[in-house]
Every structure is written in structure tokens, then in C-alpha cells.
2 protein chains.
Amino acid sequence: MEQRDMNGLTEQEFLKQYRAGDYERPSVATDMAIFTVTDSEESNYRKLPKKELQILLIQRGGHPYLGNWALPGGFVRPTETTEQAALRELKEETNVDNVYLEQLYTFSEPGRDPRTWVMSCSYMALIDSSKVQVKAGDDAHKASWFSVNYRLLKEQKELLEDGFIKTKQYELKLIGHDVTLTSVVECTMTSTEATSAMKYSMISNEGLAFDHAKIISYAIERLRGKVEYTDIALHLMPKLFTLTNLQQVYEVILDKQLLKAAFRRKVAYLVEETDNYTENAGHRPSRLFRRNREGI
Amino acid sequence: MEQRDMNGLTEQEFLKQYRAGDYERPSVATDMAIFTVTDSEESNYRKLPKKELQILLIQRGGHPYLGNWALPGGFVRPTETTEQAALRELKEETNVDNVYLEQLYTFSEPGRDPRTWVMSCSYMALIDSSKVQVKAGDDAHKASWFSVNYRLLKEQKELLEDGFIKTKQYELKLIGHDVTLTSVVECTMTSTEATSAMKYSMISNEGLAFDHAKIISYAIERLRGKVEYTDIALHLMPKLFTLTNLQQVYEVILDKQLLKAAFRRKVAYLVEETDNYTENAGHRPSRLFRRNREGI
DNA sequence: ATAATAGTGTCTCTTAGACACTATAAC
DNA sequence: GTTATAGTGTCTAAGAGACACTATTAT
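Residues numbered from 1 in each chain as written. Chains lettered and ligands numbered in written order. Predicted model: local features only at pLDDT ≥ 70, side-chain atom pairs only at ≥ 80, totals over all residues.

Naming follows an unreviewed UniProt entry, where chain A appears as NUDIX hydrolase of Paenibacillus arenosi. Per its UniProt entry, chain A bears the Sequence similarities (unreviewed entry) comment "Belongs to the Nudix hydrolase family." (UniProt positions renumbered as here; feature names shortened; annotations may be inferred.)

Draft legend 1. The arrangement of the interface of chain B and chain A in detail. Facing the 59 residues of chain B at the interface are 59 residues of chain A. Secondary structure elements with two or more residues in the side of chain B that touches chain A: helix 1 (11-17), strand 1 (27-39), strand 5 (100-107), strand 6 (118-126) and strand 8 (163-175) of chain B. Among the elements that line the side of chain B that touches chain A, the one with the most residues is strand 5 of chain B, at four residues. Residue composition of the side of chain B that touches chain A, by class: 25 nonpolar, 19 polar and 15 charged. (Contact = placed C-beta atoms within 7 Å. Helix = DSSP H or I, 4+ residues; strand = E, 2+ residues; numbered from the N terminus. Nonpolar A, V, L, I, M, F, W, Y, C, P; charged D, E, K, R; others polar.)

Draft legend 2. Layout of the packing of helix 3 (residues 212-229) of chain B against helix 4 (residues 243-254) of chain B. All names here are of chain B. As a packed pair, helix 3 and helix 4 sit with axes 9 Å apart at the nearest point and diverge in direction by 140 degrees. Relative to helix 4, the element helix 3 lies oblique. Relative to helix 4, the crossing made by helix 3 is left-handed. In contact with Leu223, Arg224 and Val227 of helix 3, helix 4 contributes Tyr250, Ile253 and Leu254. For the contact of helix 3 with helix 4, a count of residues per class yields five nonpolar, no polar and one charged. (Axes fitted to C-alpha atoms, helices over the stretch in contact; angles between N-to-C directions. Parallel < 35°, antiparallel > 145°, perpendicular 65-115°, else oblique. Left-handed = near helix turned anticlockwise from the far one by under 90°.)

Draft legend 3. Quick look at the pairing of strand 2 (residues 51-59) of chain A. Residues and elements named next belong to chain A. Within strand 2, eight of the nine residues are buried, which leaves the element mostly enclosed by the surrounding structure. The sheet contact formed by strand 1 (residues 27-39) and strand 2 spans five bridges and is antiparallel. Its bridge partner being in strand 2, Val37 is matched across the sheet by Leu53. Pairing of strand 2 with strand 7 (residues 142-160), which is carried by six bridges, proceeds in the antiparallel orientation. Within the sheet, the bridge partner assigned to Gln59 lies in strand 7 and is Lys142. Judged from the two bridges that link them, strand 2 and strand 3 (residues 69-70) form a sheet pairing that is antiparallel. Looking across to strand 3, one finds that Ile58 is bridged to Ala70. (Buried ≥ 20, exposed ≤ 12 C-beta atoms within 10 Å, placed from the backbone. Pairing = 2+ DSSP bridges.)

Draft legend 4. The arrangement of the relation of the copies chain B and chain A in detail. Between the two copies, chain B and chain A, the superposition gives an RMSD of 0.0 Å; the rotation angle is 180 degrees and the shift along the axis is 0.0 Å. What the superposition gives is, in effect, a two-fold axis relating one chain to the other. Among all residues of chain B, the one whose C-alpha sits closest to the rotation axis is B:Arg25, at a distance of 3.0 Å. (Least-squares fit on C-alpha atoms with pLDDT ≥ 70 in both.)

Draft legend 5. The nonpolar core, seen in detail. If you look at the biggest cluster of nonpolar residues, it comprises 126 residues, and the most contacted ones within it are A:Ala33, A:Ile55, A:Ala125, B:Ala33, B:Ile55 and B:Ala125. In this structure, B:Ala33 is in contact with B:Ile55, B:Leu71, B:Met124, B:Ile215, B:Ile216 and B:Ala219, ignoring residues within four places of it in sequence. (Core = buried A, V, L, I, M, F, W, Y, C linked by C-beta atoms within 7 Å.)

Draft legend 6. Representation of unusual backbone geometry in the model. Residue and element names in this part refer to chain A. With an omega of -10 degrees, the peptide bond between His63 and Pro64 qualifies as cis. With respect to the helices and strands, the residue Pro64 is situated in the loop between strand 2 and strand 3. One non-glycine residue, Asn280, lies in positive phi territory at about 50 degrees. Within the fold, Asn280 resides in the loop between strand 12 (271-277) and strand 13 (287-291).

The structure is reproduced here in C-alpha cells:
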């Protein structure tokens, strides 16, 4: 390591005299889409409850976007990774610290935060609903779960000389206890000979702060994609669950009905039988399964 | 928009008086794994040339990692997105500006740059080799293509009480004109009941700067993954190509042989026939195809 | 018995893998 | 004709979709 640079400095000498340039630096925050699946509406004693996909949002107590709802998040500190920052935030917000966490995308559009230059490294977290108990928010910090509805509104395709532009508009509807937030997000895929790009943009937005509607769309798409070919959905399940429970979770994420027999074949290798059964369900008991510890 | 915050300010008033906090901010750079596929070794006049996966690296002309090779990249400016920064760098480095570009991952390990706090938002770019002509690097800025070899060295699996740890070691060998860079990167997947995490770390590293061996591994894995279920590989092809060419590109990316008949069936919907054929190849001419403009 | 869910069997259709066969230009 | 690649046909096995059937508990 005795190499010297064009100024005749060794690496140690160089680092000692190094001063960070005075060009501008961005703030970097993490924003998290924290999902869980819960039972909804008490129903007929013998019917199974419906499942709902939920996301945690926090009501902003200050400008900008005062009163709007935002993803939990915060600034990254110099001694931690973005992932550690996300885990720290998660712990503060939900008091849970053993979860599935996955980096999604880094949003860096200048102007996405009206205060200053802020990039957001976004994460998705999946929590088993039996673990969830959001801290009672104080006045300046109201946290609440919203039920997630995400559906295709419009699909369009335009042919170009050497490619195409595909546009999809999704309606994102987040239903809370006493508010409903509605956004329309457009996903534009441009594909030509050489290029192939995907861009999210917001068509309309009511009640969500910043570009968080985009982040949530991105998270849902990632979740939907990964559910199909990984065991990611199992991180939304409690220790023991029935295959019907698991199927319901798949269905609520994918927003479509699945066939029982095919579903069971497909997830068979992801789970392990136990000798436990549900009780007092008002109908035939169901075998409980757990995650396959052997992995995939 | 006449809402007032706890200090009685409207949003406009708030933004006007807002001063960015004096907490520390990271520098944010983009680093790019720029891939192309080229023909190697002139062979028997009637044999087809072998294909090689290549990546562009730049030799560092200053500390730190003086003399080592690094991914092309640079700092993001306040008026651009990370993606625009990547495109700008790409244009400067290769003079190409119509490419496939995809964000990979944001690396933020404190200490990954010995100078100061630097996060790297990494991208992967795919270039059709017929377009490539790297600018002749001046002395302080030598750019060169390296042939990529990435193979599994060791695989290990350990069962835990409620999950498992899977470890894979890959050897990354980058072969340049007069240097060969060798790194060993370990990918650790920890999966328990609730959690599921993946971590890259460097076991050994010769000649590559910073954590770029990790970034390159990540890029190769992404490329391999996406080749299987998208049309991403077509961005490495010239306008017209034979199906055998395309198969060779798949094979060099996946590092395994494919069966011709099955391959042709699989990619059929990605391509369009033309009426052109190869000429003077020393054997039966081959039909030329182009990318399916209808999209997938 | 009835309601409601649990769980299985099997037919079909599609697709991937494997392999063998035929075709054709340059020399 | 020989060489080397181009391109196709078909058998098999595995998997997904569809649907129907049987099983079991609480009331």
C-alpha cells in the first residue's frame, strides 16, 4: 500500500488531508410500506372471516403535507445502513423487530420533498398480524392501519416504429377508520429497440403525503410479483395456520380467487404438517401447518 | 391550503422559513454495471465465434484504491434523479445513450468509502455490442472491458431451530487484456419464522475498488434471474440477429448449455421473423430475427 | 339432518426436456 | 461429398387449471 498518487501522497496521507467537497448532498430517508393481513367483519359464527391487506400510515403533524398520511420513515444516520434505519423506524413505530424486510427502490426525483433535496430509499416489511400492536399515537403522531385496495383502472398500448408504450392506471384506495385516501397512479412502460424503461407517476392524489402513493404502488406490485414464486407470503402468517388461511392471504394479495386443489399442490413444499387442528370452528376442523423449516 | 401548523404557519410560510437541519448528509453516487456480449477468438472460418459477457471498468487514477478497477459512476447532482445521473455517466463513458437501464440496489454500509459517507445507488445497463466504442481513456482515466466469469464455489446449508442459513460462495473472475481481477463473494440467506434476509459480503478481493465486487455479483444475479422470464437479453442484441446468436447470449449469461428446440419454442414470442438471412457463413444460412415490436 | 368448510382424486391441456431427424450453403 | 450449422418433429414427464367428489364437525 505504498503507492503514491499524482500529488505524491500515499493512501493514508491522502485520507488524512481529504476534505469532503463542498458540493451539495441530499438527505436520505427510508420510507417503509409495512403490510399485514387481518381478519375483517365478524360474520356468521360458522363462516370464516374475510382477510384484508393492511398498510400502516402516519398522519403528519407538521408541514409539509400537514394532516396528510405518510409512510413511516425517517432519516438515515451516518453510522447505520438504510436497512438498519428502516429496522429502527419499524421498531419505534410498531415495537416489532423480527420481520421480513426488503429494499424496494430509491426514489430521487428532485422536488419530491418541497423542503429540500431528499432521496427516499424505500423498504417493504411484512408482519404477522398476531404480533402487531401499533403504539398508541400521541397527538402529533397518529398511526393507523389502512385497508389496501389496488385495482387496474385502465390499460393502454400504443405501437411505435420500433417498440411500444404500455400504460396502466391503477386506483389505490386506502380505507382507514374514518378516512379514505384515493390516488391514481400511472405506470408507463416504454420499450424500443434498445431501451426499456418503466416510470411511475401520480395522476391524482388525495390525502397521501409526498410521492408515497407511488411508493405504495411499487410495493404492492413487488409483493404481488414475489408471492407467485417465493415463500414471501408465509411471513404474513402466524406460527400455525391452516392452508385455507394461507390461500386467503394469497387471494387478498393477488386480488383474485384461486382453486383449492391447485393451490395446495403449489404450496405443499413451502409448509410442514403439524398434528394440531383448529377447534370449535362450527364445521370440520382444519389441520394446522407451519412454515417449512427446510427452506426452499 | 390554508392549514396552519402548531406554530401557526401556513405551508408557504413554513417552507420559506425552513432551513435544512444541520445533521450530516451522505454523498450519493451511482455506480453502473454496464454489460455487453461480444464475440471472442477468431476461429475456423466455418465455425461460429464464441460469445463472452463483458463488463466495463475504469482504472482509478487517485486514492483511494489507486490503480484498482472500479465501476463507472459519479455523484448525483441536486437537479437530477439517480437514473439521470447514471445516464449522464454512461454517455460520458461510452458515448451511448439509448440503452436498457435498471436500478439494482442502494448500498449504504458506513465505511464502504474510506473518504467519507457515500451511498451508492447502483444500476445495470445493457448495451448491444455493435454500438459500443469506449472512448479512448486518457492517462488518468483508463476504461476497459473485462470478460465476466461467475461461478459457484461452495454451497452450504445449516438448519436452525425455526429456519435455516444458506451460504453460497461465488468466485467472480474478471479477465481484462493484461489483468485478471479475482474476488470471492459470499451470499448469506438467513430465514427464520418471521425474518428472511439476504446479505452479500466479500471474502477476498483483488484489484477491484470499494465494494464493487458485491455490486457486480448483485448485477449478475439480477441479470441471470431476469433473463429467464423477461425479454431483457434482447437489449444485448443488434437490430438483426439469428436465433443461435440469441441462444449463445442466453447461454453465456446463464453459464449453461440450452437445448435448441426448447429454446426456440421459449423465445418464439419475443422475436419476429425477417426475410433476411446470414451470408457466407461457411454453412447453411440462418434466418435473421428482430425484437418483437408488439411487446410481451 | 344441515351448513359450512376440509381435503382428495382425476381428467385435460400446456409446457419443458430430451433426442433424433432433415435441410442447406460454402468449400 | 464433407463440414458445420439451421431448423423441425415428436415422445415423455411434470405441472397448472378445472371440476367433482368425499369427509367431518357444531349446531
